[in-house]
Number of protein chains: 2
Amino acid sequence: MKMKLILHVLAILLAVIGLFMLIPAGIALFYGETECFKAFMLPVLGFIPVGIGIYLLTRSNRNRTMSPRDGFMLVSLSWICASALGALPFYLSGAIPSYTDAYFETMSGFTTTGASILTAIEGLPYSILFWRSLTHWLGGMGIVVLTVAIFPLLGIGGLQLLKAEAPGPSVDKITPKIAHTAKYLWFIYLGLTVLETILLMFGGMNLFDALTHSFGTMATGGFSPKNTSVGFYDSPWIHWVITIFMVLAGLNFALYFKLLTGRIKSVLIDTEMKAYLLIFGLASLAITVSLLRNGVFDGFGEGLQYAAFQVASILTTTGYATTDYDLWPAFSKIILFLMMFVGGCAGSTGGGIKVVRIVTLFKLSVRELKMLIYPRSVFHLRLNKMVVKKDIISVITGFVFLYIFSLLVTTTVVASGGYDILSSFSTALVTVGNIGPGFNLVGPTMNYAFFQPGIKWFLSLAMMMGRLEIYTVLVLFTPWFWKKL
Amino acid sequence: MKMKLILHVLAILLAVIGLFMLIPAGIALFYGETECFKAFMLPVLGFIPVGIGIYLLTRSNRNRTMSPRDGFMLVSLSWICASALGALPFYLSGAIPSYTDAYFETMSGFTTTGASILTAIEGLPYSILFWRSLTHWLGGMGIVVLTVAIFPLLGIGGLQLLKAEAPGPSVDKITPKIAHTAKYLWFIYLGLTVLETILLMFGGMNLFDALTHSFGTMATGGFSPKNTSVGFYDSPWIHWVITIFMVLAGLNFALYFKLLTGRIKSVLIDTEMKAYLLIFGLASLAITVSLLRNGVFDGFGEGLQYAAFQVASILTTTGYATTDYDLWPAFSKIILFLMMFVGGCAGSTGGGIKVVRIVTLFKLSVRELKMLIYPRSVFHLRLNKMVVKKDIISVITGFVFLYIFSLLVTTTVVASGGYDILSSFSTALVTVGNIGPGFNLVGPTMNYAFFQPGIKWFLSLAMMMGRLEIYTVLVLFTPWFWKKL
């Protein structure tokens, strides 16, 4: 392990977090939140110089080659450290009195999960709420760059993330390309955030609410500065704007890159995108019909508005809510439950298993059925009109198995606290899947405050595992990772 | 499709069912259950001559070669017809007034599921209860022969069932071998049943109860002639005898065959067996500890007795209960919930995903983790010290995906009746997995009577899909199956 090289990169992270904390510090100053100003400036004054110091001291390592092993360690440590550091303002300001809770909330932010331990959100200082939402936005940005720009290893759009957020054989060799693609992606991410903010303000939100909700949307995070989430607003405009931007945030960002560079045809043949939009459309319609038949809403328009919002929110793993869907009829809830397994597209800010993996396994299963009838024929599996290699299928199979395994282990850990099956299982689904709210004890009107500290720490790990595509974190627990080469 | 050849085999099934109905008919006579005697004899008098008649009329087809397609049709039709015919005595005697219910109960019997629509069992005539348990035993026998004797295609012990219960390229070519192996297997199955019956009588059961409970055990079925299932008896001897025989019934029957033919070494290296026993042991211990910590039982012995019984019952997909486990602490219930995904060994009478498939995917996932560290190396996947071929991994992956897909579809169908998530999901788990009782509305003290008729028919299909390894039934719904060759 090249720990000094890893430290070198983490030092940049440290300084960057310090820099970004200047924004909420400014907000604290603006609103006269003195305690919060201190709680932000103290870390800022520590992080930036220490970050720069370590960076300079370890600079001699910058040209060393990073192995996959170093990459896994770096990516995991990035989320662990970012959460540990990002939690400080919550803790120091007294907004979240327990460090366990503050860490959970920050990990939930940086992993774009949106599970919250806060019981009363609206009473908190502006600067704290802003930082909370900003962790989403920064986490989302990190994920997009990691998955789309750094690791286009496996050739199929978005599938690069399957080899984990691990650097390729050598990071520095692709640095020029990273810088180039990363710039584009940040531009797209920033552009969409600004656009959504403007549209939300046009619908009557103030700048603060519009910005924080846009952070939560584009990162598919789900933190809202309102106790009742987006349900605080009863404007169809606001609901639809957020619905549409959640769907956009759940798309593979490589598609936007292709659009901007004029490759429209390769966007249109994207198998994953088509499946994703199909799932979104069908699930929204099914829930609308179920809601109308049960008289939950009066008209088709209103029903569709609430159904589409909730489907987009769960499918993209955002976790906003416009109403308490836990009170919806059984059939509607089951559709949402199914959506919790799916997730966004690969290369988006969404979590979950990801549409492309489900599509691949679905196609594989259909092929196996076909081979029962034509046992001597060979059928290739295609995505985006290209044949999928067998190695990739193994990677996907392993991923989905480990994902389900992680779900079941998390369920067991949560249940050890004495909670019922549905609460335990849905807690696992929405933390590993980076969604946020689930059913029962963790329903959309509930929060995570009541869990025992041990379970909160485990759930922080679960959120990180899900966010970093399981492999990245699990590999650290294998003997091979620690073996001397 | 060679419909006449299929009809030829189904005619044998018809006559055999008629013959076996003579046993409950005799019991009806013995106990003076006149109505029941008629309800059995009417089908007997129809089935046997009609069966023989069709058999003779279609006899010219008997030497034709059966294609996989014919095999799928034959296997599916066998369970559909057997249930349709086997349901008649229940219906004609008035014991189950609705034919939908009678069909559900019989399908539940022949698929060795053990889900019951009966609300009061002990009031029913002996002959009816006997037939109910006998459907388990016959179904279990059918499954063992299908999976172990007829389809040893893929080389790995028990894995033959992965290519579905489908005949190989040609049925008649392996007929001498079938006859030979089938004889052995029936002997083992019969022997274990007789042994269990004797041991249960030794523990104080009467012949009738001992026999019916042995049928339910060896078939991993779960129908009991008692309202409170095995909980009716508070004898540790009876509980332990049934626990041990459930575990034996969940083992690959090919292992007994190997034992009898002296191949002890190849039994000892069986990966699936070791994993199965390990899962059984760990889950039993975990639940025992959880039960004792929550004060549900007083001593370790008693706790282990109830825990091991329930783990064996759920893991092997039997579905007997000695207590209402739905009242157990959350952690114990979660362990049972996990067991519902697993199932018995391949080539046993147990249902579920099967241990060997889970072991294979687990090993695959571990290999993928290892390959993240050693990306340029090749690691083979081994079971029973033999390398698993890539094709088999694809078949397993497709199977598990379709299994989960079937679970989710079944959950959705059940939820459309307005039932809560846990009830709907556990109903899917315990019907597709051929277990029987689940949680909440389908808990161990509940029954399936309250479901709408449409859902009962769907669940009958779900039980059959699970029993016939998903592929066999799903392939009938593909366009390729119906295409002219």
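Rules used throughout
- Residues numbered from 1 in each chain as written.
- Chains lettered and ligands numbered in written order.
- Predicted model: local features only at pLDDT ≥ 70, side-chain atom pairs only at ≥ 80, totals over all residues.
- Heavy atoms only, no water.
- Helix = DSSP H or I, 4+ residues; strand = E, 2+ residues; numbered from the N terminus.
- Rg over C-alpha atoms; globule rule 2.2 N^0.38 Å.
- Buried < 20%, exposed > 50% of the residue type's maximum accessible area, 1.4 Å probe, protein only.
- Contact = heavy atoms within 4.5 Å.
- Areas by Shrake-Rupley, 256 points an atom, 1.4 Å probe, with all protein chains shown as cover.
- Lys, Arg positive; Asp, Glu negative; His and termini not counted.
- Charge placed at Lys NZ, Arg CZ, Asp CG, Glu CD.
- Polar contact = N/O pair within 3.5 Å; in protein donor to acceptor, adjacent residues only side chain to side chain.
- Patch = residues over 30% accessible without salt bridge, like charges linked within 9 Å, V, L, I, M, F, W, Y side chains within 5 Å.
- Salt bridge = Lys/Arg side-chain N within 4 Å of Asp/Glu carboxyl O.
- Least-squares fit on C-alpha atoms with pLDDT ≥ 70 in both.
- Axes fitted to C-alpha atoms, helices over the stretch in contact; angles between N-to-C directions.
- Parallel < 35°, antiparallel > 145°, perpendicular 65-115°, else oblique.
- Left-handed = near helix turned anticlockwise from the far one by under 90°.
- Nonpolar A, V, L, I, M, F, W, Y, C, P; charged D, E, K, R; others polar.
- pLDDT = per-residue confidence, 0-100.
- Buried area = accessible area lost by both parts, 1.4 Å probe.

*Asks:* Would you mind going over the overall build of chain A with me for this structure?
*Replies:* What chain A contains, in helices and strands, is 20 helices and two strands. Against the 2.2 N^0.38 benchmark of 23 Å for 485 residues, chain A shows a C-alpha radius of gyration of 22 Å, consistent with a compact globule. With the principal axes as the frame, chain A shows a C-alpha extent of 70 × 60 × 50 Å. Burial analysis of chain A (485 residues in total) assigns 64% to the buried set. The contacts of chain A with a sequence gap of at least 6 include a subset with a gap of at least 24, amounting to 71%. Surface accessibility of chain A: about 17600 Å² in total, with carbon and sulfur atoms responsible for 70%. Taking the average place of the 33 positive charges on the side chains of chain A and the average place of its 21 negative ones, the gap between the two points comes to 18 Å.

*Asks:* Please clarify how the side chain of Ser93 of chain A should be interpreted in this entry.
*Replies:* Residue and element names in this part refer to chain A. Its location among the elements puts Ser93 in the loop between α4 (88-92) and α5 (99-110). Classification of Ser93 as buried rests on a relative accessible area of 15%. A polar atom in the side chain of Ser93 sits 2.8 Å from the backbone oxygen of Pro89. Dropping the residues within four chain positions of it, Ser93 is found in contact with Cys36, Ala39 and Ile128.

*Asks:* For this particular structure, what's the right way to read a nonpolar patch on the surface?
*Replies:* Residues and elements named next belong to chain A. Judged by side-chain polarity, Met1, Met3 and Trp482 come together as a nonpolar surface patch covering roughly 330 Å² of accessible area. Locating Trp482 in the fold gives a position in helix α20 (residues 479-482). Using a relative accessible area of 52% as the deciding quantity, one classes Trp482 as exposed.

*Asks:* Sorry, what's going on with the environment of Ser108 of chain A here?
*Replies:* Residues and elements named next belong to chain A. Inspection of the secondary structure assignment puts Ser108 in helix α5. Placed 364 residues apart in sequence, Ser108 and Thr472 show a C-alpha to C-alpha distance of 18 Å. Not counting residues within four places of it along the chain, the set of residues in contact with Ser108 comprises Thr113, Gly114, Ala115, His136, Phe223 and Met463.

*Asks:* Just to check I follow, could you spell out the relation of the copies chain A and chain B for this structure?
*Replies:* Between the two chain copies there is a screw-like relation: a rotation about an axis and a shift along it. Once chain A is rotated about the relating axis by 180° and shifted along it by 0.0 Å, it coincides with chain B to within an RMSD of 0.0 Å. Such a combination of turn and shift is consistent with a two-fold rotation axis. No C-alpha of chain A lies nearer the rotation axis than that of Leu422 of chain A, which sits 3.1 Å from it. An overlap of 100% is found between the interface residues of chain A and their copies at the interface of chain B, pointing to a shared contact surface.

*Asks:* Explain the packing of helix α9 (residues 236-249) of chain A against helix α12 (residues 271-293) of chain A here, please?
*Replies:* In a packed pair of helices, the relevant descriptors are the angle between the two axes and the axis-to-axis distance. Residues and elements named next belong to chain A. Two elements in contact, α9 and α12, have axes separated by 11 Å at closest approach and are oriented at 150°. Classified by the interaxial angle, the pair formed by α9 and α12 is roughly antiparallel. Note that α9 runs across α12; the crossing there is right-handed. The segment α9 lies against α12, with Thr243, Met246 and Val247 engaging Tyr276, Leu277 and Phe280. Residue composition of the contact of α9 with α12, grouped by class: five nonpolar, one polar and no charged.

*Asks:* It is not clear to me how the confidence of the model for chain A should be interpreted in this structure. Could you clarify?
*Replies:* Should pLDDT be low for a region, the predicted coordinates there are not to be read in detail. Scored by pLDDT, chain A has a mean of 89; 93% of the residues are at 70 or more. Across residues 151-175 of chain A, confidence stays below pLDDT 50; counting only partners more than four residues off in sequence or on other chains, it has 68 contacts.

*Asks:* Can you help me understand the interface of chain A and chain B in this one?
*Replies:* Opposite the 56 residues of chain A that make contact, chain B presents 56 residues. Buried surface at the junction of chain A and chain B, summed over both partners, amounts to about 4900 Å²; 83% is from carbon and sulfur atoms. On the chain A side of the interface with chain B, the three residues burying the most area are Leu372, Ile421 and Trp480 of chain A, jointly 15% of the side's total. The interface formed by chain A and chain B contains zero salt bridges. If you look at where chain A meets chain B, you find zero residue pairs in polar contact (both at pLDDT 80 or more). Secondary-structure elements contributing two or more residues to the side of chain A that touches chain B are α3 (68-86), α14 (330-342), α15 (355-373), α16 (390-415), α17 (421-432), α19 (471-474) and α20 of chain A. Here the element with the most residues in the side of chain A that touches chain B is α16 of chain A; it accounts for 14 residues.

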